[in-house]
Amino acid sequence: MANHHVNPVASQDTETLVKRLAGPSTGKAGLAKDQTETNRIIAEASKGSKFYENEKKKDKDLTGRIEKILKQRDDVLRGVDIKTVEQSADRLIAELESYRDLSQIIVHVDMDAFYANVELLDNSDLEGKPFGVGHGVLTTASYEARKYGVRSGMPGFIAKKLCADLVFVKNHFSRYMEMSKVVMSVFKRYDPNLLAAGCDEAYLNITTYCESHGLTAAECVQEMRRIAFQETKLSASAGIAPTKMLAKICSDKNKPNGQFELPSNKESILSFLHDLSIRKIPGIGRVNERLLESIGIQTCGDIFIHRATIFLMEKQFGRQYLFRTYLGITSNVVEPMARGGRKSIGAERTFSSLSDKGKIFNKLDEIAVELEKDMEENGWAGRTVTLKFKLDTYQVFTRAKSFDRWISRKEDLYTTGKELILPEFPLTIRLIGLRVTKLKDLRAPSEPTNGIKRFFEPLQSGQPRKKAKLEQGETDMNFIGYDTALDDDLEDVMPGFHENDENDHHLDQEIVETLVPETNLIARQCATIPRPPAPTPSIHSSLMKVDAKQHLASSSISGPSSSRTIKPHSLSDTARPTMSPAGDPGQILKTGVETHACPICGKTLRTDNQGINSHIDFCLSRGAIREARDEARTAKKATFSGFKLTDKGKEKGRK
DNA sequence: GGGTGACTCCTGG
DNA sequence: TTCCACCAGGAGTCACCC
Ligand SMILES: Cc1cn([C@H]2C[C@H](O)[C@@H](COP(=O)(O)OP(=O)(O)OP(=O)(O)O)O2)c(=O)[nH]c1=O
Ligand SMILES: [Mg+2]
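Residues numbered from 1 in each chain as written. Chains lettered and ligands numbered in written order. Predicted model: local features only at pLDDT ≥ 70, side-chain atom pairs only at ≥ 80, totals over all residues. Heavy atoms only, no water.

1. Side note on the pairing of strand 10 (residues 380-391)
To keep it simple, the criterion reads: Buried means the residue's accessible area, taken with a 1.4 Å probe over protein chains only, is under 20% of the maximum for its type, while exposed means over 50%, and partly exposed covers the values in between. Strands here mean DSSP runs of E at least two residues long; helices mean DSSP runs of H or I at least four residues long; both are numbered from the N terminus. Two strands make a pair as long as DSSP finds a minimum of two bridges between them.
Most of strand 10 sits out of view: ten of its twelve residues are buried. Pairing analysis gives eleven bridges linking strand 10 to strand 12 (residues 429-441), with the strands arranged antiparallel. If you follow threonine 384 over to strand 12, its bridge partner there is threonine 437. Pairing between strand 10 and strand 11 (residues 396-407): eight bridges, direction antiparallel.

Shown next, in the form of structure tokens:
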């Protein structure tokens, strides 16, 4: 040991691993007194567990992945004139700048410690005490508990270590839904067209409300929060800004029970973003944070510094996504999701590890019963059944089967699940789940958006493939075309550059199709809803439409006539309030891909390196003989340590 | 070549 | 007492089909 650290854990674990173990929702509001001490306790408590080993492996895989990225970066940067590339990037950025729209007042409201504060309503004994909601893993924690570093998603036993006096409270999901409805109904008074982005948060466009009531944005939001509190005794925090993304970031600034307004001008926005950690950007999670960090990007301001690298590595990093993030030019459209709502419905359960076939089938049976009930109660059927299982090593796998008929009965679910897991034995699992996709809305026939569905029974879900295809290679909000002169300029540095050109002018139509496959009805309705005028109407609408779909995508809201923001049925306390998360800009990192045969089972593996490695690990973990193991290890090393780029998409694009 | 199914990864509440 | 949940969506890749 060359170095003597103050802290024995930190000297053994890498920094990244310690951070990883601290969980996904660190850096959140409710500051712990000492983050490194907290992390130390967490790492200490985790040490040696299977969970810990799995996290360690994931951390290692990611580190390997980063090495490849860096290698690619060096290749791409070799011999090019940085200044020239930067000029190209600058032109793209200038082009994007022209789309800035500061005309709207967008608000993001988010309830404070939602589940915890609802629990507080019903149990005043908890007042002032540090407590966590949930057993096993916490869904959230009271602000008193957060002072000790207790967080959402944290296992109870670690939380207890951080705070010895911690009290545990059970979840009451139906109660949360109930309060969610009340709160949303208050918000709706300020924008009837609001976008519910979860059971405790919503986006609003208050431009017209402020105008017609002669209020400033801050006054309006202050009043809204006051009334919400009056009617529910629950506090909320809010952000005010010209776009949804900025508003969301702002709503965290003065949490709890506060609000923050970002002045609506370019200078304020740029300086606000300049020192902001990239991790605060919705869509950039733990992995992308590390990926970006590896090329020197930690704050939004760093995006500009490294614009040349980003510009040349479109395949790895979403260029327009990052540049637009840097500029703060993102969607400002707030409208309820068009009908199309749910994409999947499922159930899964964790238990103490099981190997016995009969016992596992019993668990599967319970899941099937539960899922059937849920589907029945909410009126769904589907064509694809996906089995999910987690080994006692914490590796997760899925197996799927599709039908040409609608599945909803328990018996079908169970038999399919059984059929899917049977070839996997022997194995030891700690979780099993079923999920049904390609949904059909059994309650749809009466709804206006359903159109011809009634006669042809097409798939309920839209055509995500088409959408993906359309925007592929542009990653996120990158449908904005730049002029062709720029393209030509880039052609020599950036082959395969044109892949989306021919699509650009079809965009508007494509989007309408995506939103409402059958009739167009909702799209038309949305289009005619009077909204404050935007400076560049055509661009505004196309920009925002795409954005609404992908930057802030989907929630289970129905069309204008019915308002199904919330599950309409009484919810048992075991069922969670589900509303699709909004704010997913998609994957930023794209992976190079190879195919290979598994050295153990011989099966052709068609996936990326991680998939291959995990498959091999899987084969190993289910009891392959020692010889095979060694062989596999060496084969694995030989085959996958070098990064062969067989980018099919690129070849296609060039043809 | 485009559509589809199976699978994995990433993110967020 | 709780020993790392459960729900959901987007995206990307492969093989396979026509
Ligand atoms: C983050 C997270 C939230 N939830 C639930 C519980 C939360 O109360 C609810 C809302 O999520 P959040 O709004 O992320 O968290 P919060 O409202 O508890 O705290 P705050 O907004 O003040 O930071 O969603 C989970 O079940 N699992 C999770 O991992
Ligand atoms: Mg909240």
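2. Regarding the nonpolar core
Stated precisely, the cut-off is as follows: Take the buried residues of types Ala, Val, Leu, Ile, Met, Phe, Trp, Tyr and Cys, join any two whose side-chain atoms come within 4.5 Å, and each joined set is a nonpolar core. Between two residues, a contact is recorded if the distance between any of their heavy atoms is within 4.5 Å.
Ranked by size, the top nonpolar core spans 46 residues in total, and within it Leu246, Ile281, Ile303, Phe317 and Phe323 carry the most contacts. Counting residues per element, the ones that place at least two in this core are helix 4 (50-77), helix 5 (82-97), helix 12 (244-251), helix 13 (266-274), helix 14 (286-294), helix 15 (300-305), helix 16 (307-312) and helix 17 (319-327). For leucine 246, the residues in contact, after removing those within four places along its chain, are Ala241, Leu262, Ile269, Phe272, Leu273 and Gly328. Core analysis: the next-biggest nonpolar cluster, separate from the first, contains 41 residues, Phe114, Val169, Met179 and Ile206 among them.

3. So, the sheet that holds strand 4 (residues 167-169)
Strand order in this open sheet of three strands is 3-2-4, and the pairing throughout is mixed. Each edge of the open sheet carries a strand with a single partner, namely strand 3 (140-141) and strand 4. Bridge analysis of strand 2 (residues 131-133) against strand 3 gives two bridges, and the strand direction is antiparallel. By the bridge assignment, glycine 132 is partnered in strand 3 with alanine 141.

4. Section: the sheet that holds strand 9 (residues 344-354)
So the rule is basically this: Between N-to-C directions, angles span 0 to 180 degrees; the directions come from axes that are lines fitted to C-alpha atoms, helices contributing only their stretch in contact.
Strands sit in the order 9-12-10-11 across an open sheet of four strands; the sheet is antiparallel. Each end of this open sheet is capped by a strand with a single partner; those strands are strand 9 and strand 11. Pairs of neighbouring strands in the sheet enclose a mean axial angle of 15 degrees, with direction left out of account. Sheet strands in contact with helix 18 (residues 357-378) are strand 9, strand 10, strand 11 and strand 12, and its direction is about 155 degrees off that of strand 9.

5. A short note on the UniProt feature "domain: UmuC" (unreviewed entry) in chain A
What counts here: UniProt positions are given in the numbering used here, feature names are shortened, and annotations may be inferred rather than shown by experiment.
In this numbering, the UniProt entry assigns the feature "domain: UmuC" (unreviewed entry) to residues 106-285. Across residues 106-285 one finds 42% helix and 17% strand; the C-alpha atoms that close the span lie 24 Å apart.

6. Some points on the coordination of the magnesium ion (ligand 2)
Put simply, the test is: Each metal site is built from N, O and S donor atoms within 2.8 Å (3.2 Å for Na, K and Ca), and since water is not included, such sites may look incomplete. For four-coordinate sites, all angles between 85 and 135 degrees define a tetrahedron; for four- and six-coordinate sites, opposite donors beyond 155 degrees with the remaining angles between 65 and 115 define square planar and octahedral shapes respectively, and all other cases count as irregular.
Note on the magnesium ion (ligand 2): its protein donors are Asp110 (OD), Met111 (O) and Asp200 (OD). The metal-donor distances range over 2.0 to 2.2 Å. Viewed at the metal, the six donor atoms of the magnesium ion (ligand 2) are separated by angles of 78 to 176 degrees, and the geometry they form is octahedral. Positions of the donor residues of the magnesium ion (ligand 2) along the chain correspond to the pattern D-M-x88-D. Side by side, aspartate 110 and methionine 111 carry an identical accessibility label, which is buried.

7. Re the side chain of serine 294
Heads up, the condition is: Residues adjacent in sequence count toward polar contacts only when both atoms are side-chain atoms; beyond that, a polar contact is any pair of N or O atoms within 3.5 Å, and within protein one must be able to donate a hydrogen and the other to accept it.
Here serine 294 lies in helix 14. At a separation of 2.6 Å, a polar atom in the side chain of serine 294 contacts the main-chain carbonyl oxygen of leucine 291. Setting aside residues no more than four positions away along its own chain, serine 294 makes contact with Ile66, Leu70 and Arg73.

8. Some details on helix 3 (residues 35-46)
Under the convention used in this document: By this rule the span expected of a helix is its residue count minus one, scaled by 1.5 Å.
Helix length check: helix 3, at twelve residues, gives a terminal C-alpha distance of 16 Å against a target of 16 Å (1.5 Å per residue), a fit within 8%. Buried within helix 3 we find Thr38, Asn39, Ile41, Ile42, Ala43, Ala45 and Ser46. Once helix 3 ends, the next one or two residues include glycine 48, with phi positive near 85 degrees.

9. Thoughts on the pattern of salt bridges
What counts is decided by this rule: What makes a salt bridge here is a side-chain nitrogen of Lys or Arg within 4 Å of a carboxyl oxygen of Asp or Glu, nothing more.
Going through the model one piece at a time under the given rule, you end up with 30 salt bridges. When the shortest N-O distance is used, the salt bridge between lysine 410 and glutamate 411 registers 3.5 Å. Since its relative accessible area comes to 41%, glutamate 411 is described here as partly exposed. Beyond isolated ion pairs, a larger network of salt bridges with shared partners links Arg20, Glu55, Lys58, Asp59 and Arg290.

10. Looking at the packing of aromatic side chains
What counts here: Only centres within 6.5 Å qualify two rings of Phe, Tyr or Trp (six-membered ring in Trp) as a pair; their planes then separate them into stacked at under 30 degrees, edge-to-face at over 60, and tilted for everything else. Note on criteria: charge over ring means Lys NZ or Arg CZ within 6 Å of the ring centre, with the direction from the centre no more than 35 degrees off the ring normal.
In this structure the tally under the stated criterion is ten aromatic pairs. Here phenylalanine 114 and tyrosine 115 contribute two aromatic rings whose centre-to-centre distance is 6.1 Å and whose plane-to-plane angle is 55 degrees, an arrangement assigned as tilted. The residues phenylalanine 114 and tyrosine 115 share a single accessibility class, namely buried. When the centroid spacing of 5.6 Å and the interplanar angle of 25 degrees are considered together, the rings of phenylalanine 389 and phenylalanine 397 count as stacked. Of the two residues, phenylalanine 389 and phenylalanine 397, neither departs from the other in class, the shared state being buried. A network of ring pairs unites the aromatic residues Phe114, Tyr115, Phe173 and Tyr176 as a single cluster. Geometry around phenylalanine 425 places lysine 357 over its ring, the cationic atom sitting 5.2 Å from the centre.

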